[in-house]
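# Overview (structure and organization)
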Amino acid sequence: MTRLFGFWSSHRAELFALLAQHITLVAASTLAAVVIGIPLGIFAARRPRLSAPIVGLANVVQTIPSLAMFGFLLPVPLVGGIGARAAIVVLILYGLLPIVRTTITGITGIDASIREAGVAMGMTPRELLRLVELPLALPSIASGVRVAAVVGVGSATIAAAIGAGGLGEYIYRGLSMVDSTVILAGAVPAAVLALAVDAGLLWVERQLSARRRTASRRAAVAVATMAVLMFPLAAAAGRSGGAIVVGSKNFTEQVVLGELLAQSIERETGLAVQRRLNLGGTLICDRALLTGDVDVYVEYTGTALTAVFHQPVKTNGRAVFEDVRDRYSRSGRTVLPPLGFDNTFAILVRGGDARRLGLKTIGDAVPEARKWRAGFGYEFLERPDGYPGLAAAYGLSFAAPPRVMDLALSYRALATGQVDLIAGDATAGLIRALDLVQLEDDRHYFPPYDAVPVARASTLLKYPQVRGALERLAGRVTAADMRALNYAADVEHRDVPQIVREFLKSK
């Protein structure tokens, strides 16, 4: 607990900024869901035959996992891409069901005699809705808004995977660093926020039930106040943006490299830089670069060849670099000179097993693997340069199908005996810290994975000084440097910006 409070204290400015982003996402999406959902619920309540299909469609949306929903929206024009726009769209979709359902329930549950009395008094359908039905249905509608808002607080944490900000950034950062303090730094405020939203809207709901007319005016004032507060928050978020947007994937080395690019651009050019680190995997970063949501990030040549361009595996480093550079250039993107290290896949076993069984190569492990359990990251299981090809090249099989897990967690799973073999990164700091051993790729299956900055050509043309700053990093980050940087982040749990500042000073 002391470490958690210490982390909050040392990161209070960042914490408040992420909290503001989280509140903005939830407030904007909930308000939009109210504006869309209440009229839709009224429409469905007036047309009983359409009620079931509308609610059924909203139910289907709710069954789609939120991370999958973010993935579906990535290539969609206008509403997709990465950032707050796509996140708000997803949160609106999740918020519609409870609001539509409770609006329908609230209106259809009104006693028929009350409507008849209104009609007898000469009310038009619009007056009946405004003066009778909505005031009576308001407590039910308020309960739906409460559910939508609380669901939004939880779902917004996942939005960090597509660069939308919010408290989820701490959760993803903690997962990548295997640091429970950082995970709790995001999870605890998110839980408190959810409880506060639930309690506040529950109070409003009870007030509406007790005094509908007075409380409806209060609710209107509350909505107006929320809207007023949203604009400065959104404006503040906009002001935090920069001329250059640097992205990264969602594991420690990528976050370090993203920070390295960002600080290098800031130091060398004086331009403002916006960081969108800890995005999802290769697909999200590549899509973000194509759409202009990100200006530059670090990719690996072997990954680009096989996962981005879906080409056969090659083992010649120079040929792979030239092939990838040419393919990127056709889509308006520029590959800059390599940073200086090759982060190949590392097939890892426990040090004790390697010494006891005399394991030095992947080929040595093949007979033992038939009794072992393997654990692989999501991408490694599917990529053409991943497990399927490795199994075919070595005749590799295990006692059970490989377990799928987050890459950062797989190192700990291996060290604690939950699995017996994993595919990690050759530059991971946890290899030394956890006494793991990398087996030599004796059949030269894996292609080279030289780390290279990939940038939008239009950005480099507009800001030629950015090209200069990135090119000055060429060859300056060795494999030993990268292992040390990863070790400082993963094992010593030091702040990535400070680690990178010290590294740049040393260079």
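What you see is a predicted model; the values in this text were computed from it and never measured.

## Here we look at the overall build of the protein
Helix and strand counts for the protein stand at 24 helices and ten strands. Principal-axis analysis of the C-alpha atoms gives the protein an extent of 90 × 55 × 50 Å. Once local pairs closer than 6 in sequence are excluded, the contacts in the protein between residues at least 24 apart make up 76%. Carbon and sulfur atoms make up 61% of the accessible area of the protein, which totals about 22400 Å². Averaging the locations of the 52 positively and 41 negatively charged side chains of the protein gives two centres separated by 8 Å.

## Describing the environment of A149
Position of A149 among the secondary structure elements: in helix α7 (residues 125–156). Sequence separation of A149 and G165 is 16 residues, and the distance between their C-alpha atoms is 18 Å. Residues contacting A149, with those up to four places away along its chain left out, are V26, T30, V197 and L201.

## Let's talk about the pairing of strand β1 (residues 244–247)
Residues I244 and V246 line one face of β1 and the alternating positions V245 and G247 line the opposite face, and both faces are buried. Two strands pair when backbone bridges link them, and β1 and strand β2 (residues 273–276) are joined in this way by four bridges, in the parallel orientation. Across the sheet, the residue bridging to G247 is R276, located in β2. A crossover links β1 with its parallel partner β2, the connecting element being helix α11 (residues 252–269), and its sense is right-handed.

## Some thoughts on the confidence of the model for the protein
Predicted confidence across the protein gives a mean pLDDT of 86, with 92% of residues reaching 70 or more. Element-level mean pLDDT values for the protein span from 43 in helix α10 (residues 212–239) up to 98 in strand β10 (residues 451–456). pLDDT under 50 marks residues 213–241. Its contacts with residues more than four places away, or in other chains, come to 18 contacts.

## Quick word on empty space enclosed by the protein
Under the definition given, this model contains one cavity of 30 Å³ or more. Quantified by volume, the largest cavity comes out at close to 120 Å³. Lining the largest cavity we find twelve residues, and of these F251, T252, Y411, D425 and D490 sit closest to its centre. Those elements that place two or more of their residues in the lining of the largest cavity are α11, α19 (407–415) and α23 (479–490). The element that contributes the greatest number of residues to the lining of the largest cavity is α19, accounting for three residues. When grouped by side-chain class, the residues that make up the lining of the largest cavity number six nonpolar, three polar and three charged. The two domains that each donate at least three residues to the lining of the largest cavity are domain 2 (244–342 + 451–506) and domain 3 (345–439).

## So, the pattern of salt bridges
Going through the model one piece at a time under the given rule, you end up with 22 salt bridges. For D326, the salt bridge is made with R325, and the minimal N-O distance between the two is 3.8 Å. What makes R325 partly exposed here is its relative accessible area of 32%. The residue R355 makes a salt bridge to D435 at a minimum N-O spacing of 2.9 Å. Taken together, the residues R355 in helix α15 (residues 351–357) and D435 in the loop between α20 (430–433) and β9 (436–439) connect sequence positions 80 residues apart.

## Some details on the sheet that holds strand β7 (residues 403–404)
What the five strands build is an open sheet, ordered β7-β6-β8-β5-β9; its pairing is mixed. Two strands in the sheet have a free side with no partner beyond their single neighbour: β7 and β9. Across four bridges, the pairing between strand β5 (residues 345–350) and strand β8 (residues 421–425) is antiparallel. The residue bridging A346 from the neighbouring strand is G424, located in β8.

## Examining the domain arrangement of the protein
One frequent convention defines the size of an interface as the accessible area lost when the parts assemble. Split by domain assignment, the protein resolves into domain 1 (2–238), domain 2 (244–342 + 451–506) and domain 3 (345–439). Computed from C-alpha atoms alone, the centre-to-centre distance between domain 1 and domain 2 is 36 Å. Contact residues are listed per partner, giving 19 residues for domain 1 and 17 residues for domain 2. A combined buried area of about 1400 Å² lies between domain 1 and domain 2, and 56% of that area is made up of carbon and sulfur atoms. Summed over the shared surface of domain 1 and domain 2, the number is zero salt bridges.

## Digging into the packing of aromatic side chains
Inspection of the entire model under this criterion finds twelve aromatic pairs. Note on F376 and Y387: the rings are 5.2 Å apart at their centroids and 40° apart in plane angle, and the pair reads as tilted. Linking F376 in strand β6 (residues 374–376) with Y387 in helix α18 (residues 387–394), this pair joins segments that are eleven residues apart in sequence. On the basis of relative accessibility, which here comes to 0%, the residue F376 falls in the buried class. For the pair F376 and F398, a centre-to-centre distance of 6.3 Å together with 70° between the ring planes defines the contact as edge-to-face.

## Comments concerning unusual backbone geometry
A positive phi angle, near 50°, is found at H444, a position not held by glycine. By secondary structure assignment, the location of H444 is in the loop between β9 and β10. A positive phi angle, close to 55°, is found at H493, a residue other than glycine. Given the relative accessible area of 29%, H493 is considered partly exposed.

## Regarding the packing of α23 against helix α24 (residues 496–506)
What describes two packed helices is the angle between their axes and the distance between those same axes. Packing of α23 against α24 brings their axes to within 9 Å, and their N-to-C directions diverge by 150°. As judged from the angle between their axes, α23 and α24 are roughly antiparallel. In this structure, α23 crosses over α24, and the sense of that crossing is right-handed. Of the residues in α24, those touching α23 at D481, L485, A488 and A489 are V496, I499 and F503. A breakdown of the residues in the contact of α23 with α24 according to their chemical character gives six nonpolar, no polar and one charged.

Criteria and cut-off values
Residues numbered from 1 in each chain as written. Predicted model: local features only at pLDDT ≥ 70, side-chain atom pairs only at ≥ 80, totals over all residues. Heavy atoms only, no water. Helix = DSSP H or I, 4+ residues; strand = E, 2+ residues; numbered from the N terminus. Contact = heavy atoms within 4.5 Å. Areas by Shrake-Rupley, 256 points an atom, 1.4 Å probe, with all protein chains shown as cover. Lys, Arg positive; Asp, Glu negative; His and termini not counted. Charge placed at Lys NZ, Arg CZ, Asp CG, Glu CD. Buried < 20%, exposed > 50% of the residue type's maximum accessible area, 1.4 Å probe, protein only. Pairing = 2+ DSSP bridges. Right-handed = clockwise from strand over helix to strand, strands pointing away. pLDDT = per-residue confidence, 0-100. 1 Å grid on protein atoms, 1.4 Å probe; cavity = no way out; pocket = protein on both sides within 12 Å on 5 of 7 lines; lining within 4 Å. Points joined across faces, edges and corners; volume = space filled by probe spheres on them. Nonpolar A, V, L, I, M, F, W, Y, C, P; charged D, E, K, R; others polar. Domains from an automatic or database assignment. Salt bridge = Lys/Arg side-chain N within 4 Å of Asp/Glu carboxyl O. Buried area = accessible area lost by both parts, 1.4 Å probe. Phe/Tyr/Trp six-rings, centres within 6.5 Å; stacked < 30°, edge-to-face > 60°. Axes fitted to C-alpha atoms, helices over the stretch in contact; angles between N-to-C directions. Parallel < 35°, antiparallel > 145°, perpendicular 65-115°, else oblique. Left-handed = near helix turned anticlockwise from the far one by under 90°.

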